Amino acid sequence: MAFKNLITLVSIAAALTGTNAALTRRVACPDGKNTATNAACCQLFAVRDDLQQNMFHGGQCTAEAHEALRLTFHDAIAISPALEAQGKFGGGGADGSIAIFSEIETAFHPNIGLDEVVALQKPFIARHNLSVADFIQFAGAIGVSNCPGAPQLAAFVGRKDATQPAPDGLVPEPFHTPDQIFDRLADASQGEFDPILTVWLLTAHTVAAANDVDPTKSGLPFDSTPGLWDTQFFVETQLRGTSFPGKGGNQGEVESPLAGEMRLQSDHTIARDSRTACEWQSFVDNQPKAQAMFQFVFHDLSILGQNIDDLVDCTEVVPIPPPPQGITHLPAGMTHTDIEQACADTPFPTLPIDPGPKTGVAPVPKPVVKQ
């Protein structure tokens, strides 16, 4: 009931935001084309257009968008009030440190591979008058807006950039236990990101792929529809794993149900943990929840370490994503007997099965940016 109430509140807030936007007087931007509710948002129109044209290939949900979203999390989650309580620097959260001190932070083990997207974004940062912290979160929101079925993510300006790198050890790893991940996210968010909200955050894996878990393979998707913001990720992580997409034996990887698909150990265990299994299953064939819950947690993730009273909400600059595509289904060659039922309270939803023989999942091509 609490989750239904939260969805209702989110919907009401969105409706009120739209109503208020219609009644609020807008300012004309210097570009002569756009208007905004706050002049501070005007600069984002040029950044958005540059990103869409030159990073996201005219507005596509490709690897560049996936990696931009991944970067938002790895930058923001690097904050620890627990370390601060011990008199140590605990990181600044969403402060851009992963790009400002990229030679240090991208060398941290959980950030392996992010040096590529940081390098891709740096020319964009250099040509726009935007803080690094704001740019990273804004680029993630714009990238996700290209994925059919995604929510419109929050965008703020006014974050303060980092003056020192975050300490190592603050970004969860795929080989961590659920307890380790839950404790780390709770610390970063001062208790807000509990096990349930951790599941909400993991909705991001619907448009994700692994480049470095298996050193012999890159672009291995976490579900069979990496270009769509849907709920296939929550279905396919509950299918019985049978093989590895590569040689296997990699830290943080367990067997997956489809050829070419990567399954992270952390996704596997959280999907089956008694504290989160029913919440995980509740996302199956529930597109509104996959949108609303991630929209909710991204808002708070994107401002970790920042004072929201110092920020300007520029979400209006973020495009409304394309509508959802397809239907939630079991992959071809699978049946409901392949589901590893983990939720003890509710039966697994009955889903249609794709026709034809069992197939594999194609890799996501690595990022290529036109400069």
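Now for a look at the structure at hand. (Residues numbered from 1 in each chain as written. Predicted model: local features only at pLDDT ≥ 70, side-chain atom pairs only at ≥ 80, totals over all residues. Heavy atoms only, no water.)

## Side note on the packing of helix α7 (residues 114-126) against helix α8 (residues 132-144)
Then step 1. In contact at an axis separation of 11 Å, α7 and α8 are set at 120 degrees when each is read in the N-to-C sense. Here α7 is positioned oblique relative to α8, judged by the angle of their axes. As for how α7 packs across α8, the hand of that crossing is right-handed. Contacts between α7 and α8 pair Gln121, Phe124 and Ile125 from the former with Val132, Phe135, Ile136 and Ala139 from the latter.
Then step 2. Tallied by class, the residues present in the contact of α7 with α8 amount to 6 nonpolar, 1 polar and no charged. (Axes fitted to C-alpha atoms, helices over the stretch in contact; angles between N-to-C directions. Helix = DSSP H or I, 4+ residues; strand = E, 2+ residues; numbered from the N terminus. Parallel < 35°, antiparallel > 145°, perpendicular 65-115°, else oblique. Left-handed = near helix turned anticlockwise from the far one by under 90°. Contact = heavy atoms within 4.5 Å. Nonpolar A, V, L, I, M, F, W, Y, C, P; charged D, E, K, R; others polar.)

## Examining the side chain of Ser256
Then step 1. With respect to the helices, strands and loops of the structure, Ser256 is situated in the loop between β6 (253-254) and β7 (263-264).
Then step 2. Leaving out residues up to four positions away in the same chain, Ser256 has contacts with Gly241, Thr242, Ser243, Pro245, Glu261, Met262 and Arg263.

## Brief notes about the nonpolar core
Then step 1. Formed by 89 residues in total, the largest nonpolar core has its most connected members in Leu51, Phe138 and Trp229.
Then step 2. Excluding its chain neighbours within four sequence positions, the residues that come into contact with Leu51 are Phe56, Phe124, Phe135, Phe138, Ala139 and Ile142. (Core = buried A, V, L, I, M, F, W, Y, C linked by side-chain atoms within 4.5 Å. Buried < 20%, exposed > 50% of the residue type's maximum accessible area, 1.4 Å probe, protein only.)

## Overview of the state of the cysteines
Then step 1. Enumeration according to the criterion identifies 4 disulfides in this entry.
Then step 2. Paired by a disulfide, Cys29 and Cys42 hold their sulfur atoms 2.1 Å apart. Disulfide Cys29 to Cys42: torsion about the S-S bond roughly -75 degrees, handedness left-handed. One end of the pair, Cys29, is in the loop between β1 (27-28) and β2 (35-36); the other, Cys42, is in the loop between β2 and α2 (43-54), with 13 residues separating them in the sequence.
Then step 3. A relative accessible area of 11% means that Cys42 is categorised as buried.
Then step 4. Here Cys41 connects covalently by a disulfide to Cys314, the sulfurs 2.0 Å from one another. Here the disulfide of Cys41 and Cys314 is left-handed, its torsion about the S-S bond being about -85 degrees. You can see Cys41 sitting in the loop between β2 and α2 and its partner Cys314 sitting in the segment after β8 (312-313), a full 273 residues away along the chain.
Then step 5. Indicated for the chain is the disulfide connectivity 1-3, 2-7, 4-5, 6-8, based on numbering the bonded cysteines in sequence order. (Disulfide = S-S within 2.5 Å.)

## What to know about the pattern of salt bridges
Then step 1. This structure, assessed with the given rule, holds 13 salt bridges.
Then step 2. Between Arg275 and Asp179 there is a salt bridge, with its nearest N and O atoms 2.7 Å apart. Of this pair, Arg275 sits in the loop between α12 (265-272) and α13 (277-282) while Asp179 sits in helix α9 (residues 178-188), and the two are 96 residues apart along the sequence.
Then step 3. With relative accessibility at 41%, the residue Arg275 sits in the partly exposed group.
Then step 4. Close ionic contact of Glu340 with Arg272 constitutes a salt bridge, the shortest N to O distance being 2.7 Å. Residue Glu340 is found in the segment after β8, and its partner Arg272 is found in helix α12; the two are separated by 68 residues along the sequence.
Then step 5. For Glu340, a relative accessible area of 24% puts it in the partly exposed group.
Then step 6. One salt-bridge network, held together by shared partners, links Arg240, Arg272, Asp338 and Glu340. (Salt bridge = Lys/Arg side-chain N within 4 Å of Asp/Glu carboxyl O.)

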